[in-house]
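Residue-level structural notes
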Amino acid sequence: MSDFKHTIPITAIIENNSQFLFVKRSRNLSNMAGKWVFPGGRLEKGEDVVQALFRELDEETGLTFTDDFAFLSSYFFLRAEDQSSSQGLVFLVRSLNREIKKDPSIEEYRWINPEDITDFVFSYDNIHDFEKETNVTIPGMEVHVRNAIIIMKKGLFLNRHLFSVTEYQKAKCSLNRDYLSGLRTANIVEEFFETHDLFPHIF
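Residues numbered from 1 in each chain as written. Predicted model: local features only at pLDDT ≥ 70, side-chain atom pairs only at ≥ 80, totals over all residues. Heavy atoms only, no water.

1. A look at helix H1 (residues 49-61)
Quick reminder of the rule: Helix and strand definitions follow DSSP, with helices as H or I runs of at least four residues and strands as E runs of at least two, each counted in order from the N terminus. Here the expected length of a helix is defined as 1.5 Å per residue gap, with one fewer gap than residues. Burial status follows relative accessibility: with a 1.4 Å probe on protein chains alone, a residue under 20% of its type maximum counts as buried, one over 50% as exposed, and anything between as partly exposed. A contact between two residues is defined here by any heavy atoms of the two lying within 4.5 Å. Here a polar contact is taken to be a pair of N or O atoms separated by no more than 3.5 Å, where protein atoms must pair a possible hydrogen donor with a possible acceptor and residues adjacent in sequence count only if both atoms sit in side chains.
Over its 13 residues, H1 extends 18 Å from the first C-alpha to the last, a length consistent with the 18 Å expected when each residue adds 1.5 Å. Of the positions making up H1, those classed as buried are Val50, Ala52, Leu53, Phe54, Arg55, Glu56, Leu57, Glu60 and Thr61. Looking at the buried positions of H1, the neighbouring elements they touch are strand S2 (9-16), strand S3 (19-25), strand S5 (40-42), strand S6 (65-78), strand S7 (85-95) and strand S8 (106-112). A side-chain oxygen of the first residue of H1 lies 3.1 Å from the backbone nitrogen of Val50; this N-cap is Asp48. Among the residues trailing H1, Gly62 stands out with phi positive, at a value near 70 degrees.

2. So, the pairing of S7
Stated precisely, the cut-off is as follows: A pair of strands is treated as paired once DSSP finds two or more bridges between them.
Among the 11 residues in S7, 9 count as buried, and that is most of the element. Across 2 bridges, strand S1 (residues 6-7) lies against S7 in parallel orientation. In the strand pairing of S7, His6 is matched with Ser85. When S2 meets S7, the two strands line up parallel, connected through 6 bridges. By the bridge assignment, Ala12 is partnered in S7 with Phe91. Here S6 runs beside S7; their pairing, made up of 10 bridges, is antiparallel. Paired with Phe76 across the two strands is Gln87, which belongs to S7.

3. Focus: the environment of His201
By the element assignment, His201 lies in the segment after helix H5 (189-195). Among the residues examined, His201 registers a relative accessible area of 42% and is labelled partly exposed. Remark: the alpha-carbon pair of His201 and Ala171, spanning 30 residues in sequence, is separated by 7.2 Å. The residues touching His201, leaving out its near neighbours within four places in the chain, are Ala171, Lys172 and Cys173. Polar contacts involving the side chain of His201 include one to the main-chain carbonyl oxygen of Ala171, which spans 3.3 Å.

So, in structure tokens, the structure goes:
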């Protein structure tokens, strides 16, 4: 029997008023203690990626979100503690408010302008002096920010509910030929959904 372990971390850049939420992880955590990261968590049994993302964001921040949703980037790493593999996924979402209800895993938070990410120190090393090393993040965060800027400038958001096939299946929905044909030939997608549900129910 294989001892192979694999996890799927889910991360989000949360945008509000053209700024991004950056959170500082508690110094008491075993992984990335004291470092600034974008909020998120791990996929749990019985949920898909979209469900996991918004569950984690609700638990960590308590923010209220719009339905705007976009995929940003992926990354892979081996966890130092047990060499298990992780395939991370990063998304862009939007919040309607800015005051978060901090989770115990979050020591501090701030809303940053996209270019502010370059003010941080990028390092994989553990923090040894939490009083002096107060502005540390991990390499790659700037790539997520770059992609988020592109998504926002090109208006590439979609409704987040479109991405959860699990939600669709649990709602017992069905897309028939006329629905798909109508969507294909619609001049403007938004106009199509003014008269059609995202998840047509089976009656």
